[in-house]
Structure formats: C-alpha cells, structure tokens
Amino acid sequence: MSAAGAAGFDPVSVIAAKRDGRELTGGQIDAAIAAYTSGRMAEEQMAALLMAVYLRGMTAAETVRWTAAMTDSGARLDFTDLRRAGRALPAVDKHSTGGVGDTVTVMLAPLVAACGAAVPQLSGRGLGHTGGTLDKLEAIPGWRAEVPADRMREILRESGAVVCAAGADLAPADRKMYALRDVTGTVESIPLIAASIMSKKIAEGAGALVLDVKVGRGAFMTDLPRARELAETMVELGARAGLPTTALLSGMDVPLGYAVGNAVEIAEAVEVLAGGGPADLAGLTVTLAVEMLAAAGITDVDPAAVLASGGAMDSYRAMIRAQGGDPDADLPRPRQRETVRAGGAGTVTDIDALGVGRAAWLLGAGRRVPGQQVDPVAGVVLGVRLGDAVVAGQELAVLHTGATGDDARERIAAASAELERALTVTPPGTAPGPGPTHLGVLDRIGAESAP
C-alpha cells in the first residue's frame, strides 16, 4: 500500500472514478491535491489523473473545488489594507494568456499605478516560442525578479507597481502540477488551464482581476469558441472565490507591435511609455488600463491622458529602480543581425504570429527545455505591418541574436526561412488569400455575462 493509501486516501479509486467519467467529490479532490503537494501521491498517479481529467473533463463544481484546493495548498497574500498618503490604495491585477509581442504588462502595470491603483503583478517565464514577462524585464541591467512579500508591499506603497516571480509558497500544487502537465500532454484542458491561472491569482491577494485571453494563430487558444469558454470559466471561478474578474478576448493572429523577443520588446515598451510606439500595442494597453481602473473603482482618471503626460514613464522608472534595475542603462545589443528583404513588390497581406514567434525562438528568445537561459538580445523586429505596400529589396524584418560563429549562422538561416513563410507579400494584381481574422479586442466577458 502506498503512503497515500496508508493515510486513508486511495488515489487509484479517484483515478478510476474520473477515468470512467464520474464526478469527483469535493473530498476526493481535496485529498488528491493535498497528497500530491505533500509528496504522498506518486507522480505517475497524478499524471494518470490529469490524463483522465483531460479526456473526461470536469464539471463546473469540480473545477471550482480543484481551483480552491490548489489555492489552499500554500500561502495567500493580502493587499487589501494598502494605503498611500492616508488614502486606501486599491489593488488590481492583470493576467494575459500569452501571445507574440505581448509586452503589455511592462507598460500596463506602471500606467495603472500612475492612475492611482496598486498593481501586484506576479508573472512567469516562457516555455515556447518567446520568453515570458520576467525574461523580458531581466534584459534590463540589474533588474531582479525575486521580491519577498514584505518588500512587495513596500514597493506598492512607494511606486504602486511591482512585477515579480511568485514565491515558492504560493499555490505550490500548481507549480508541481504545471511541470507535470507540460511533459504528459495534458496542458490543453480548459478546466486545468483555468484552475492553474486562477489559483495563483486568487492566492495573490488583489481585490480585482482583468484577464487578457488571446485568441488566434499565435495564441494558446487558436479559435474563438474555446477562448470564450476559457474566459467564461475563469470569470466564474473568480466570482465564486470573491475575486471580481473581467476578461477581454483579443486577437493574436498577427503579432502585437513590431518587436518580438526580450530586450527588443522592452525597448518598444519604453517607446510607448514615452508617448510613441505602435498604435496597436498602446491601444490595447490603454483599453486594459480602463478595465483595471474600473475594477478598482477609479473612474475619474483617463489612462490615455496619463500615458501622454509622461506619468506612466515616471512610474515605470520607479518600478524598475525598486527592483534593482537601471532604467537609464543601455539594453544589451545583438552580436549578429540579419535583414530579411522583400523579393518583389506588393502588399503585406499576412503576418503569421506563430511563424514570427517561432523565428524569435529559433534565434534564442525562448526556451527549448524548462530552466534554460534565454538570449536577452535574440528576437525579430518587423519593418512592416498589415496592408503596407513594399518594393523589391525593402526591409521586412531584422533578426537579432547573441550567438556567434556557426551557431549564429544556423540560427539566422532557420529563422529567416521561418519568417519568409510567416510574411505574405501579395504582388500587384493578384487576389490575396484569406487573411487574419482575429484582430483587436473581440469580446468582453464580465461577471454579469458569465454562465
């Protein structure tokens, strides 16, 4: 008999129940999560249970209980008592399901802070075609992702925003389970995705949450119905846990902005904070800021005006300094660059986000295995947008890598081939093929529209 069984919990019976399509009881879910977190349930047993959930799904009640059990597996933060200058400082958080060129958090957190809210943003690292928010910020000399909870509170009172890694004691069940899902083919389950995201966000201690659920070729959810289902599930989980949650569905058929990578995205974010930068990136940032401020009860501040005034830049600089970074330091530069040029004249009718993301990954911007270091300078900087007219030889993109020698040549060759497939230039007089459909903000789901 296993140690888990000896303690009165029989993991095999729980696995079999879900395998056969039966609804798990709250007690079974609580026991499974607790046993796995403490090491009393074997990895192969949880892998079998996750596969059963992947294949059989979970009811709404099961998903709620699974999320609660993961939330309760560790500590909870609490920022409800934050104050600045004698006034309450409402805490609101944002989470994105991830996309290509999605550097919104770097601008959004300081923008919302400059508007009068606190943003305790626990972010992650990437595994896939690009780095995560922490990987991007680590391109800034001196910046540190690890921030103790007491220091988080100090930073929030001082600058209003902190973007950092989650502590090991926050939803530890999810930390273990996510790594297992990644190697057992059980990532793409809406109940498991929703529980993973929301357990961390509920434990994080903000008073409200805004979700940016990406949909399209460069997103985790490639079709709108499944993206909407995921958003509705997470909004409902937030409501059940007393965390007011709103979700925006935004398109990810085409990359956000021009830059895809780590340092190149930080540079572009700074352009937006300075009042310039790509319109789509700035626009989505302001749209999400409006949602976050409304969730925090702040309706008399225009985030677009704050962005234009330079207030968000001041907040950004304070946030970076508070975590040891130097906002005035030069970002790292690539050792090798390669320009991809148009083979002929025409119009840019498609920029496949997944292909651009893969090109950045091939250059070193993302990870092949967990724990691998990313190349902070690797990435793609596009020179064109959808609808642009180009001539033969015009620059379409510039590839950046920190590699040298044969490694650099191999990376650039592979990335160039990937990028050439991702960019479609339709010659004059030729009917264009089907273009991207998931662009901009596609839908909004609030507590009032959740199932």
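Higher on the page you've got the structure.
Quantities reported herein were computed from a predicted structural model and do not represent experimental measurements.

Peer 1: Can you tell me about the packing of helix 3 (residues 26-38) against helix 9 (residues 172-184), naming the residues and giving the values?
Peer 2: Relative orientation of the contacting elements helix 3 and helix 9 amounts to 80°, with a least axis distance of 9 Å. Viewed along their axes, helix 3 and helix 9 adopt a mutual orientation that is roughly perpendicular. Seen from helix 3, the contacting residues are Ile33, Tyr36 and Thr37; seen from helix 9, they are Pro172, Ala173, Lys176, Met177 and Leu180. The class makeup of the residues in the contact of helix 3 with helix 9 is six nonpolar, one polar and one charged.

Peer 1: Before we move on, can you summarise the packing of helix 12 (residues 263-273) against helix 15 (residues 311-322) with the specific residues and values?
Peer 2: One can describe the packing of helix 12 onto helix 15 by two numbers: an axis separation of 8 Å at closest approach and a directional angle of 140°. By the angle between their axes, helix 12 is oblique relative to helix 15. For the pair helix 12 and helix 15, the contacting residues are Ile266, Val270 and Leu273 in the first and Ala312, Met313 and Tyr316 in the second.

Peer 1: Go over the environment of Arg421 with me, naming the residues and quoting the values.
Peer 2: Relative to the helices and strands, Arg421 is located in helix 17 (residues 405-422). In this structure, the C-alpha to C-alpha distance between Arg421 and Ile351, residues 70 residues apart in sequence, is 9.0 Å. At 3.2 Å, the side chain of Arg421 forms a polar contact with the side chain of Glu418.

Peer 1: Residues and numbers for helix 13 (residues 279-295), please.
Peer 2: An ideal rise of 1.5 Å per residue puts 24 Å on 17 residues; helix 13 measures up with 24 Å between its terminal C-alpha atoms. If you check which residues of helix 13 are buried, you get Leu281, Ala282, Leu284, Thr285, Val286, Leu288, Ala289, Glu291, Met292 and Leu293. Just downstream of helix 13, Gly297 is the residue with a positive phi angle, here 80°.

Peer 1: An account of the packing of aromatic side chains is requested, with residue identities and associated values reported.
Peer 2: How two aromatic rings sit relative to each other is given by the distance of their centres and the angle of their planes. For the structure shown, the criterion picks out zero aromatic pairs. Over the ring of Tyr36 we find Lys176, and its NZ or CZ is 4.2 Å from the ring centre. Across from the ring centre of Tyr258, 5.2 Å away, lies the NZ or CZ of Arg385, which sits over that ring.

Peer 1: Can you explain the sheet that holds strand 6 (residues 208-215)? Please cite residues and give values.
Peer 2: Remark on secondary structure: sheet strands pair via backbone hydrogen bonds, oriented parallel or antiparallel. Strand order in this open sheet of four strands is 3-6-7-15, and the pairing throughout is mixed. Only two strands of the sheet have a single partner each, and these edge strands are strand 3 (92-96) and strand 15 (441-445). Taking each pair of neighbouring strands and ignoring which way they run, the sheet shows an average axis angle of 15°. The sheet strands contacting helix 11 (residues 224-240) are strand 6, strand 7 (245-251) and strand 15, and the helix crosses strand 7 at an angle near 165°.

Peer 1: Could you give an account of the side chain of Arg181, naming the residues involved and the relevant values?
Peer 2: Here Arg181 is to be found in helix 9. As a buried residue without a salt bridge, Arg181 has its nearest oppositely charged side chain in Asp174, at a separation of 4.8 Å. In this structure the side chain of Arg181 is engaged in a polar contact, spanning 3.0 Å, whose partner is the backbone oxygen of Val187. Beyond its immediate chain neighbours, meaning those up to four positions away, Arg181 contacts Leu50, Thr186, Val187, Leu192, Ile193 and Ser196.

Peer 1: Break down the side chain of Asp350 for me, with residues and values.
Peer 2: With respect to the element layout, Asp350 can be found in strand 10 (residues 346-351). Side-chain polar atoms of Asp350 contact the side chain of Arg217, separated by 2.8 Å. Beyond its immediate sequence surroundings of up to four residues, Asp350 is in contact with Arg217, Leu386, Ala422, Leu423, Thr424 and Pro436.

Peer 1: For the sheet that holds strand 9 (residues 336-341), give the residues involved together with the corresponding values.
Peer 2: Taking strand neighbours across the sheet as the criterion, the four strands line up as 8-11-13-9 in an open arrangement whose pairing is antiparallel. Each edge of the sheet is formed by a strand with only one pairing partner; in this case those strands are strand 8 (259-261) and strand 9. Geometrically, the sheet is characterised by an average inter-axis angle of 15° between neighbouring strands, direction not taken into account. Bridge count between strand 9 and strand 13 (residues 395-401): six bridges; the pairing is antiparallel. Pairing of Gln336 across the sheet is with Thr401, part of strand 13. Contacts from helix 16 (residues 353-363) reach strand 8, strand 11 (379-382) and strand 13 within the one sheet, and its direction differs from that of strand 11 by about 135°. The strands that helix 17 touches are strand 9, strand 11 and strand 13; relative to strand 13, the one it contacts most, it runs at about 145°.

Peer 1: Tell me about a nonpolar patch on the surface, and name the residues and values.
Peer 2: Side chains of Met51, Tyr54 and Leu55 sit close together on the surface and give an oily, nonpolar patch of about 280 Å² of accessible area. Of the residues examined, Tyr54 reaches a relative accessible area of 33% and is grouped as partly exposed.

Peer 1: Quick one: what's the story with the layout of surface pockets, residue by residue and with numbers?
Peer 2: If you add up the space inside the second largest pocket, you get close to 270 Å³. Contributing to the lining of the second largest pocket are 15 residues, with Ala263, Val264, Ala267, Leu331 and His400 lying nearest its centre. Here the lining of the second largest pocket takes five residues from helix 12, the largest share from any one element. Of the residues in the lining of the second largest pocket, the class split is ten nonpolar, one polar and four charged.

Calculation notes
Residues numbered from 1 in each chain as written. Predicted model: local features only at pLDDT ≥ 70, side-chain atom pairs only at ≥ 80, totals over all residues. Heavy atoms only, no water. Axes fitted to C-alpha atoms, helices over the stretch in contact; angles between N-to-C directions. Helix = DSSP H or I, 4+ residues; strand = E, 2+ residues; numbered from the N terminus. Parallel < 35°, antiparallel > 145°, perpendicular 65-115°, else oblique. Contact = heavy atoms within 4.5 Å. Nonpolar A, V, L, I, M, F, W, Y, C, P; charged D, E, K, R; others polar. Polar contact = N/O pair within 3.5 Å; in protein donor to acceptor, adjacent residues only side chain to side chain. Expected span 1.5 Å × (residues − 1). Buried < 20%, exposed > 50% of the residue type's maximum accessible area, 1.4 Å probe, protein only. Phe/Tyr/Trp six-rings, centres within 6.5 Å; stacked < 30°, edge-to-face > 60°. Lys NZ or Arg CZ within 6 Å of the ring centre and 35° of its normal. Pairing = 2+ DSSP bridges. Lys, Arg positive; Asp, Glu negative; His and termini not counted. Salt bridge = Lys/Arg side-chain N within 4 Å of Asp/Glu carboxyl O. Patch = residues over 30% accessible without salt bridge, like charges linked within 9 Å, V, L, I, M, F, W, Y side chains within 5 Å. Areas by Shrake-Rupley, 256 points an atom, 1.4 Å probe, with all protein chains shown as cover. 1 Å grid on protein atoms, 1.4 Å probe; cavity = no way out; pocket = protein on both sides within 12 Å on 5 of 7 lines; lining within 4 Å. Points joined across faces, edges and corners; volume = space filled by probe spheres on them.

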